[in-house]
Amino acid sequence: MSALMSEGRTGLSLSPRALYVEVAELLRQRIFQRELEPGSWIDELKIAEEYGISRTPLREALKVLAAEGLVTMKVRRGAYVTEVSTQDLSDVYHLLSLLESDAAGVVATKGTDAELTELMSLHAELEKAAKPGPANTDAFFAVNERFHMRLLEIANNRWRDQMVADLRKVMKLNRHNSLLKTGRIQESLQEHRAIMAALTARDAEATVARMREHFANGLEAAA
């Protein structure tokens, strides 16, 4: 039974920490799915009633999301879903480009054959998800993120992984705008093909360059 149901029906059976972490994840997904729109006010009382919880774990959850950049706390006004400005996007994509291109170069040099095969398998899933149709947009994004995160795992730098994970949460606030632009999914797929070609050739310099191009084009589509 979830911590939410535990508090709402029989008293909290998990620790307060477990509860607010669960609430943070529920709100995070609502933000990513646009149920809570950028710039919208978060009605704490309504959400607490929906989840059957007190406002204390909800406020702790909002602090977590604020630290991630997904929520903005305004004095005497409450919590709002963060609106991502053009400058925010530029900054986030710039940092992701630096971090992920560096990781890609490491994988091209040090990744095992088995690890590259795993990335090829993820790329094959990406090819399937790129078929035309609105239902495939979320699938493409999900596989795309799995590819990037797996590449980072292979590069094996936990500090970089954490920075990228936080930056990608902010990037997700704008994901629909970028992916729904005409032709962007196919362009992104072509860029991934170029990245895979460089990786399998074990060409670190080319892999870094292709990854940087990928993020530059992503920023252009997102802006």
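The structure displayed is predicted, hence computed values, not measured ones.

S.K.: A description of the overall build of the protein chain should follow, citing residues and the corresponding values.
M.R.: Each helix and strand in the protein chain was counted, giving eleven helices and two strands. Going residue by residue from the N terminus, the α and β elements of the protein chain occur as α-α-α-α-β-β-α-α-α-α-α-α-α. Considering only residue pairs separated by 6 or more positions, the protein chain has 72% of its internal contacts joining residues 24 or more positions apart. Of the roughly 11600 Å² that the protein chain leaves accessible, carbon and sulfur atoms contribute 54%.

S.K.: Hey, could you go over the packing of helix α7 (residues 136–155) against helix α10 (residues 184–200) for me, with residue numbers and the actual values?
M.R.: The interhelical angle for the contact between α7 and α10, taken along N-to-C directions, is 25°, at an axis separation of 12 Å. Comparing the axis directions of α7 and α10 gives the class roughly parallel. At the point where α7 passes α10, the crossing takes the left-handed sense. On α10, the residues that touch T137, F140, N144, F147, H148 and L151 of α7 are I185, S188, L189, H192, M196 and L199. Classifying every residue of the contact of α7 with α10 gives seven nonpolar, five polar and no charged.

S.K.: Could you give an account of the pairing of strand β1 (residues 71–74), with specific residues and numbers?
M.R.: Successive residues of a regular strand alternate their side chains across the two faces of the sheet. For β1 and strand β2 (residues 78–81), the ladder comprises four bridges, and the chain directions are antiparallel. From the neighbouring strand, M73 faces β2, where its bridge partner is A79. Where β1 folds back onto β2 in an antiparallel hairpin, the turn is made up of three residues, including R76, whose phi is positive at roughly 60°.

S.K.: Give me the packing of helix α5 (residues 86–110) against helix α11 (residues 204–222): which residues, what numbers.
M.R.: Direction vectors running N to C along α5 and α11 enclose 155°, while the axes themselves pass 8 Å from each other. With respect to their mutual orientation, α5 and α11 come out roughly antiparallel. Considering only the axes of α5 and α11, their crossing is right-handed. In contact with L89, S90, Y93, L96, S97, E100, S101, A104, G105, A108 and T109 of α5, α11 contributes A204, T207, V208, M211, R212, F215, G218, L219 and A222. Looking at the contact of α5 with α11, its residues break down into eleven nonpolar, seven polar and two charged.

S.K.: So what's going on with the nonpolar core? Which residues, and what values?
M.R.: Generally speaking, soluble globular proteins have nonpolar side chains that are buried together. By size, the foremost hydrophobic cluster in this structure holds 27 residues, and its most contacted members are L96, V107, L119, L151 and L199. Counting residues per element, the ones that place at least two in this core are α5, α6 (113–129), α7, α8 (158–172), α10 and α11. For L119, the contacting residues outside a window of four places in its chain are V107, F147, R150, L151, I154, M196 and L199. Core analysis: the second largest hydrophobic core is formed by 21 residues, A24, L27, L58 and L62 among them.

S.K.: Could you give an account of the packing of aromatic side chains, with specific residues and numbers?
M.R.: Per the counting criterion, the structure on display carries one aromatic pair. Centroid distance Y93 to F215: 6.4 Å. Interplanar angle 70°. Geometry classified as edge-to-face. Within this pair, whereas Y93 is found in helix α5, its partner F215 is found in helix α11, the two being separated by 122 residues in sequence. Stacked on the ring of Y80, the Lys or Arg K74 has its end atom at 4.4 Å from the ring centre.

S.K.: An account of the confidence of the model for the protein chain is needed here, citing residue identities and associated values.
M.R.: Residues at a pLDDT of 70 or more form 88% of the protein chain, whose mean pLDDT is 88. Considering only residues more than four positions removed or in separate chains, one finds that residues 8–14, a stretch of pLDDT under 50, has nine contacts.

S.K.: Tell me what's going on with the pattern of salt bridges, and back it up with residues and numbers.
M.R.: Across all of its chains, the model carries 20 salt bridges by this definition. One salt bridge in this structure joins E50 and R30, with 3.1 Å as the shortest N-O distance. Within this pair, whereas E50 is found in helix α3 (residues 44–51), its partner R30 is found in helix α2 (residues 16–32), the two being separated by 20 residues in sequence. Here E50 falls in the partly exposed class, since its relative accessible area comes to 43%. With a relative accessible area of 17%, R30 lands in the buried category. One salt-bridge network, in which partners are shared between bridges, spans E25, R28, E68, D166 and K169.

Reading guide: rules and limits
- Residues numbered from 1 in each chain as written.
- Predicted model: local features only at pLDDT ≥ 70, side-chain atom pairs only at ≥ 80, totals over all residues.
- Heavy atoms only, no water.
- Helix = DSSP H or I, 4+ residues; strand = E, 2+ residues; numbered from the N terminus.
- Contact = heavy atoms within 4.5 Å.
- Areas by Shrake-Rupley, 256 points an atom, 1.4 Å probe, with all protein chains shown as cover.
- Axes fitted to C-alpha atoms, helices over the stretch in contact; angles between N-to-C directions.
- Parallel < 35°, antiparallel > 145°, perpendicular 65-115°, else oblique.
- Left-handed = near helix turned anticlockwise from the far one by under 90°.
- Nonpolar A, V, L, I, M, F, W, Y, C, P; charged D, E, K, R; others polar.
- Pairing = 2+ DSSP bridges.
- Core = buried A, V, L, I, M, F, W, Y, C linked by side-chain atoms within 4.5 Å.
- Buried < 20%, exposed > 50% of the residue type's maximum accessible area, 1.4 Å probe, protein only.
- Phe/Tyr/Trp six-rings, centres within 6.5 Å; stacked < 30°, edge-to-face > 60°.
- Lys NZ or Arg CZ within 6 Å of the ring centre and 35° of its normal.
- pLDDT = per-residue confidence, 0-100.
- Salt bridge = Lys/Arg side-chain N within 4 Å of Asp/Glu carboxyl O.

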